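Summary of structural features
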Amino acid sequence: MILELMAQKEISPSNVVNIYFAQSEFSSLEGACRVNEKQALVVKNGIVILVPDFWIKEAGILKPDDFKPSGHAIVLQQFNHILKKSSFYKIGFVLLFITGIVFGEWLITMDKAATLEDQRNAVFAKYNLKPTMMQNQAIHAELNKIYEKQMKLREYIGYFLKMHLAKNEKISYIGFDSKVLTVIIKGVTQSKKL
């Protein structure tokens, strides 16, 4: 009924924040109060009544500035003209469906994370790795240094193994001790520049 009256008076629901009822707002009204040129409010036996203005001889004038609303109000369904209740249900169903999909993805992700953690633990156990990445990186750096030294040593030994020797010349000893590579070649008759 309120929405129909507002439509008759050409008042847009979007311009109305709350609706207040005279019964709750003017129940403590003393005497009579004019609402407009034709009507006035009167309280009789605790009931607020809208009566014709000519029934009341003396009445004050209702001013909007004097009106202090209480907490007793209703909110209009402002979006009723845009969406129907069935549309709200459809939107709610879609949001619920999307929430279900996101929750399912979260469960799958958590399962994969647990699987990766198990695989990580298996790799750490298989290769006897340390529990922290800092320790493993320090070990990796140390092993890289050893690897580089070994590759250089193999490169130098390769030079000697590829060297063309005479028939009576042969390598009798190759050794590495304390950063010194020792190669003994037997049967050398004249000095060669290596």
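From a predicted model like this one, the values you see are computed outputs, not experimental measurements.

A few words now on the packing of aromatic side chains. Here the structure, examined in full by the defined rule, presents two aromatic pairs. Judged by centre distance (5.9 Å) and plane angle (25°), the ring pair of Phe-103 and Trp-106 falls under stacked. Of this pair, Phe-103 and Trp-106 are both found in helix α3 (residues 85-126), three residues apart, which corresponds to roughly one turn of the helix. Classification of Phe-103 as partly exposed rests on a relative accessible area of 48%. Centre to centre, the rings of Tyr-156 and Tyr-159 are 6.2 Å apart; their planes meet at 45°, and the pair counts as tilted. With Tyr-156 and Tyr-159 both in helix α4 (residues 133-162) and three residues apart, this pair spans about one turn of that helix. Positioned above the aromatic ring of Phe-124 is the side chain of Arg-120, whose terminal nitrogen or guanidinium carbon lies 4.3 Å from the ring centre.

Turning our eyes to something else, we now look at the side chain of Asp-53. Position of Asp-53 among the secondary structure elements: in the loop between β4 (47-52) and β5 (60-61). Ignoring sequence-local partners within four residues, the contact set of Asp-53 consists of Arg-34, Glu-37, Lys-38, Gln-39 and Ala-40.

The rules we used
- Every chain's residues receive numbers from 1 upward, in the order its sequence appears when written.
- Under the rules for a predicted model, residues below a pLDDT of 70 receive no local features and side-chain atom pairs below 80 are neither given nor counted, while totals for whole chains, interfaces and linings still include all residues.
- In computing side-chain properties, one takes all heavy atoms of the structure into account and sets aside hydrogens as well as water.
- Aromatic contacts are taken between Phe, Tyr and Trp rings whose centres are within 6.5 Å, Trp giving its six-membered ring; a plane angle under 30 degrees counts as stacked, one over 60 as edge-to-face, and the others as tilted.
- In this description a helix means any DSSP run of H or I spanning at least four residues, a strand means any run of E spanning at least two, and both kinds are numbered starting from the N terminus.
- Only protein chains enter the area calculation, which uses a 1.4 Å probe; residues under 20% of their type maximum are buried, those over 50% are exposed, and those in between are partly exposed.
- We count a charge as sitting over a ring when the NZ of a lysine or the CZ of an arginine lies within 6 Å of the ring centre and within 35 degrees of the ring normal.
- Any two residues having at least one pair of non-hydrogen atoms within 4.5 Å are treated as being in contact.

These figures come from the coordinates and say nothing about function on their own.
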